[in-house]
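Coordinate inspection notes
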Amino acid sequence: MSAVIEEHHDDHHHGPDKGIMRWVLTTNHKDIGTLYLWFSFIMFLTGGVMALVIRAELFQPGLQLVQPEFFNQMTTMHGLIMVFGAVMPAFVGLANWLVPMMIGAPDMALPRMNNFSFWILPFAFAMLLSSLLMEGGAPNFGWTFYAPLSTDYGPPSTTFFIFGVHLMGISSIMGSINVIVTILNLRAPGMTLMKMPLFVWTWLITAYLLIAVMPVLAGVVTMMLMDIHFNTAFFNAGGGGDPVLFQHVFWFFGHPEVYIMILPAFGVVSAIIPTFARKRLFGYDSMVYATASIAFLSFIVWAHHMFTVGIPIAGELYFMYATMLIAVPTGVKVFNWVATMWQGSMTFETPMLFSIAFVILFTIGGFSGLMLAIVPADFQYHDTYFVVAHFHYVLVPGSVFSIMAAVYYWLPKWTGNMYNETLGKTHFWLSFIGVNITFFPQHFTGLAGMPRRIPDYALQFADYNMISSCGAFLFGFSQLLFLFIVIRTIKGGKKATDQVWEGAHGLEWTIPSPAPYHTFSTPPKDLSEAHG
Amino acid sequence: MSDTNSATHYEPYYVPHNSRLPIFASIGIFLTVFGIGHILNAMTAGTSGSLGVTILLIGGLVMGFTLFSWFAVVIRENHEKLYSDQMNRSYVWGMSWFIFSEVMFFAAFFGALFYVRVFVVDWLGGVGDRGPSGMLWPEYSPEWPMLNTPDEARFPGPESTIPPFQLPLLNTILLVTSSFTVTFAHHAIKEANRKKLIGWLGLTIALGLIFLFVQAYEYHHAYVDLGLTLGSGIYGTTFFMLTGFHGAHVTLGTIMLIVMFGRALKGHFSGDDCFGFEAAAWYWHFVDVVWLGLFVFVYVLGS
């Protein structure tokens, strides 16, 4: 019976298959990493188009292009696609490509499950996107899908949204189990935990967070499903439940989720800055402990998203102070990155530019996060564009910039070719300027009281919104240049050396460029260079 | 075990070249949830869900067939000695983290129960200034278990709840006993005593099936005699969701044990190569521990 669908089990010392089936059937961590990265980029463009619909509508006050119902669907789908379809799969793709090469492993620990984790995603997002064409339209309640807006008042497609989230959760949990098992079980002899590159460390902790909170997300959408179809009372006070319960369970997932999207970025930046500063990473041990501390704190701060919902004053105070504590380990990290650059022999290739921009702009996003942590101030900022500015500063020039930095940094290793530095720098500056023009004015409109998720606004916000929309189109279309650069590098270009960057250290720089289809079938012997 | 960690000796790590299993599994799981989604939407809208049933059936068959093949392939590869000690450790770690994810899934539902029990009931009933519930349902006085709901028209409360020290106590005894019998079966593998293994494992499966039967009987009793349903307010909601998901996990665990029973009959498992059995046993202990939580927090403290 089993032979019908599983006939290959030759050993693994040959190259990739030809044709499309290579990508469907592959168990190779590099192939699967590539699949994740391309899928993520397609989702990035899809979610980006939705963002441009939003910004085009907000270019002027009044309703010009879309109806409010469709605007709501755009804000919802934009958020869901960027979080679950663009940022998370991009980091999983990077983990697939890099973790085995960085720890000297032959592949991911569970290669078939690795393929399963990826191929669930296109189906999940096809289902989610198809809801745009369903009767009643796509989900329209924001990516946070608060009950009872999503339960009593959501469109019929909410059911498919729920199952889409289930599929994404299954994919994430399997992917994370694979990452953890690979790191714990497949490290080359001599690579102790405290010798692992920081990217591996941050992914180990991220994977732990994912396994801990994705089931909670599955739980909360299941509660929604039951409230919608089986008349349960989880989120209905009339039956003895509580809509606020939704927010507690959702944010118990949601807050660790935001660290899931930033910890691997910390790992990427911690790899790139030492290379181009030509110094060892400052404070490696403290980086590890800071990452672990942030992960721990992420579990005990969730209600800072809910200050205005009516929680007891003791709860407000506790969650305020606990949230502020996060600034300590995060500050350690920023300090270490700056200290790594201090008196280094710095050069400013594209990955370094993105990384330095990351440090500066992520810190701005972190500071606005501290402002939002202050309960009485949050009463003013809550659900305004200030919040939108805050989380876009940590997500776009934070997570997304780190992903772009990672692509430029490791692309020569992946393809064997150098990208065009002039084009890369052009892409950086266009993105850097575009991102700041888009999101910086939103701090001001938010502080002045402009609410988020509304297609129209009062006249006094017109100028800043127009500026913001211009920046969004600049940033959005700059990404086509990114696509062009990547394709051009895959097709050819100056040959990369094995080490690629003269300051680069780590196992992945000891193997040929492009990296052979199978690396470390037997573990490397000399790990003296392995320290991040 | 430790020799795979030394640089002098290395066993190759088995990486299959290609596999058709995952893509079939992806298609199967997608069709399954898509079909269920169709059925639920049709049910709530009051239309025909026959398309959904067809999709669900196809998806379920693809998924079942694929999972069967997947496990068959892994068992065969293990018998062909393709797996090193290191490979086996990957499975051990993988199962451990999978069970951890299941723990977190139940944590969400236990968390909901505790939140309702500790905060919501008091808030509905008058701690503070009663807030909105004082305006919406001024007459309402809450209790736990919640036999009257604020909105009796939409959520008619149950007449009574399940008394803990009757059937639930019996079920507790059944499951705790089954945790012991599965351990005896494990010892039988270590002693290479196949007859004992088959006996204890068979007894474990029987205990699991009796548990499920008692649980089904209890549900029937709750729905028909007590008016305790999914729609009877937050008590019924948390009661059925927690015990229901637990029951689903017992069902899955029983299926795992039945597979292990079949493998034991075919002569699989030896003292140093029985992780399939151990994984199923771990899962069984996990559902047992969840049940103890349910017995204390849902049945005993809930009534």
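Residues numbered from 1 in each chain as written. Chains lettered and ligands numbered in written order. Predicted model: local features only at pLDDT ≥ 70, side-chain atom pairs only at ≥ 80, totals over all residues.

1. Structural notes on the overall build of chain A
Quick reminder of the rule: Secondary structure follows DSSP: runs of H or I at least 4 residues long count as helices, runs of E at least 2 residues long count as strands, and numbering of each begins at the N terminus. We call two residues in contact if the C-beta atoms placed from their backbones are at most 7 Å apart.
Of the regular secondary structure elements, chain A holds 17 helices and 0 strands. When the backbone C-alpha atoms are referred to their principal axes, chain A occupies close to 65 × 65 × 45 Å. A sequence separation of at least 24 residues applies to 82% of the contacts in chain A between residues at least 6 apart.

2. Some words on the overall build of chain B
Threshold: Working definition of burial: number of other C-beta atoms within 10 Å of the residue's own, with buried at 20 or more, exposed at 12 or fewer, and partly exposed in between, all C-beta atoms being placed from the backbone.
On a plain count of helices and strands, chain B comes out with 8 helices and 0 strands. When its helices and strands are written in sequence order, chain B yields α-α-α-α-α-α-α-α. Its C-alpha atoms give chain B principal-axis dimensions of roughly 75 × 45 × 40 Å. Split into buried and exposed, the 303 residues of chain B put 39% on the buried side.

3. Re the interface of chain A and chain B
The cut-off we apply is this: For this classification, the nonpolar set comprises Ala, Val, Leu, Ile, Met, Phe, Trp, Tyr, Cys and Pro, the charged set comprises Asp, Glu, Lys and Arg, and every other residue, Gly included, is treated as polar.
Listed by partner, the interface residues are 68 residues for chain A and 68 residues for chain B. Here the residues of the side of chain A that touches chain B are counted per class, giving 39 nonpolar, 22 polar and 7 charged.

4. Points about the domain arrangement of chain B
Selection rule: Where a domain begins and ends is set by an automatic assignment or by a domain database.
Annotation of chain B at the domain level lists domain 1 (1–83) and domain 2 (88–300). Just the C-alpha atoms count here: the centres of domain 1 of chain B and domain 2 of chain B sit 25 Å apart.

5. Describing the confidence of the model for chain B
Using the following cut-off: Along the chain, pLDDT gives the predictor's confidence residue by residue, from 0 to 100.
Per-residue confidence for chain B gives a mean pLDDT of 92, with 95% of residues at or over 70. Across the whole predicted complex the pTM is 0.95, and at the interface the ipTM reaches 0.94.

6. Observations regarding helix α6 (residues 158–185) of chain A
The cut-off we apply is this: Working rule for helices: expected span equals 1.5 Å times residues minus one.
For α6 of chain A, built from 28 residues, the straight-helix expectation of 40 Å at 1.5 Å per residue is met to within 8% by its first-to-last C-alpha distance of 40 Å. Among the 28 residues of α6 of chain A, 27 are classified as buried, and the element is accordingly described as predominantly covered.

7. What to know about helix α13 (residues 350–373) of chain A
Helix length check: α13 of chain A (24 residues) gives 34 Å between terminal C-alpha atoms against 34 Å at 1.5 Å per residue, within 8%. Of all 24 residues that make up α13 of chain A, 17 are buried, and the element is covered over most of its length.

8. As for unusual backbone geometry
In the segment running from Ala-147 of chain A into Pro-148 of chain A, the intervening peptide bond is cis, with an omega of 0°. A cis amide bond, omega -5°, links Ser-513 of chain A with the succeeding residue Pro-514 of chain A. For Pro-514 of chain A, the position within the fold is in the segment after α17 (462–491). Positive phi outside glycine occurs at Asn-231 of chain A, with the angle close to 60°. Along the polypeptide, Asn-231 of chain A turns up in the loop between α7 (198–229) and α8 (243–260). Positive phi outside glycine occurs at Ala-192 of chain B, with the angle close to 60°.

9. Overview of the environment of Pro-156 of chain B
Residue and element names in this part refer to chain B. As for its position among the elements, Pro-156 is in the loop between α4 (131–136) and α5 (167–190). Since 17 C-beta atoms lie within 10 Å of it, Pro-156 is described here as partly exposed. Taking the C-alpha atoms as reference points, Pro-156 and Gly-227, 71 residues apart in sequence, are found 8.4 Å from one another. For Pro-156, the residues in contact, after removing those within four places along its chain, are Gly-227 and Ser-232.

10. A few points about the nonpolar core
Selection rule: To count as a nonpolar core, a set of buried Ala, Val, Leu, Ile, Met, Phe, Trp, Tyr and Cys residues must be joined through C-beta atoms within 7 Å.
Counting residues in each nonpolar core, the largest one holds 246 residues, and the members touching the most others are Val-87, Ile-103, Val-200, Val-220 and Ala-405 of chain A. Sort the elements by how many residues they give to this core and α7 of chain A lands first, with 24 residues. Taken domain by domain, this core gets at least three of its residues from each of domain 1 (1–83) and domain 2 (88–300) of chain B. Discounting residues that sit within four places of it in the chain, Val-200 of chain A has contacts with Val-99, Met-102, Ile-103 and Ile-183 of chain A. One finds Tyr-13, Tyr-14, Tyr-83 and Met-87 of chain B within the second-largest nonpolar core, a separate group that totals 5 residues.

11. Focus on the environment of Ser-399 of chain A
Residue and element names in this part refer to chain A. By the element assignment, Ser-399 lies in helix α15 (residues 385–415). In this structure, the C-alpha to C-alpha distance between Ser-399 and Phe-362, residues 37 residues apart in sequence, is 8.7 Å. The residues touching Ser-399, leaving out its near neighbours within four places in the chain, are Val-87, Met-261, Ile-262 and Ala-265.

12. Quick notes on the packing of α7 of chain A against α8 of chain A
Each pair of packed helices can be described by the angle between their axes along with the distance between the axes. All names here are of chain A. Applicable threshold: Angles here are taken between N-to-C directions and fall from 0 to 180 degrees, while the axes themselves are lines fitted to C-alpha atoms, restricted in helices to the stretch in contact. We call two directions roughly parallel when the angle between them is under 35 degrees, roughly antiparallel when it is over 145, roughly perpendicular when it lies between 65 and 115, and oblique otherwise. Rotating anticlockwise by less than a right angle from the far helix to the near helix defines a left-handed crossing, while the corresponding clockwise rotation defines a right-handed one.
It is at 9 Å that the axes of α7 and α8 come closest, and there the two elements cross at 155°. By the angle between their axes, α7 is roughly antiparallel relative to α8. In this structure, α7 crosses over α8, and the sense of that crossing is left-handed. Together, Thr-206, Leu-209, Leu-210, Ala-212, Val-213, Val-216, Leu-217, Gly-219 and Val-220 of α7 and Phe-246, Val-249, Phe-250, Phe-252, Phe-253, Pro-256, Glu-257, Tyr-259 and Ile-260 of α8 make up the contact between the two elements. In terms of residue class, the contact of α7 with α8 is made up of 15 nonpolar, 2 polar and 1 charged.

13. Here we look at the environment of Gly-302 of chain B
Mapped onto the elements, Gly-302 of chain B comes out in the segment after α8 (275–300). The spacing of Gly-302 of chain B and Pro-163 of chain B is 139 residues in sequence and 9.4 Å in space, taken between C-alpha atoms.

14. Things to note about the packing of α6 of chain A against helix α3 (residues 85–125) of chain B
Interaxial distance between α6 of chain A and α3 of chain B falls to 9 Å at its minimum, and their mutual angle equals 135°. Taken together, the axis directions place α6 of chain A and α3 of chain B in an arrangement best described as oblique. The two elements α6 of chain A and α3 of chain B meet at a crossing, and its hand is right-handed. Residues Ile-173, Ile-177, Ile-180, Val-181, Leu-184 and Asn-185 of chain A of α6 of chain A touch α3 of chain B, and the partners they reach there are Gln-86, Arg-89, Ser-90, Trp-93, Gly-94, Trp-97, Phe-98 and Ser-101 of chain B. When its residues are assigned to classes, the contact of α6 of chain A with α3 of chain B shows 8 nonpolar, 5 polar and 1 charged.

15. Some thoughts on the confidence of the model for chain A
Here chain A averages 94 in pLDDT, while 96% of its residues score no lower than 70. Across residues 6–12 of chain A, confidence stays below pLDDT 50; counting only partners more than four residues off in sequence or on other chains, it has 14 contacts.

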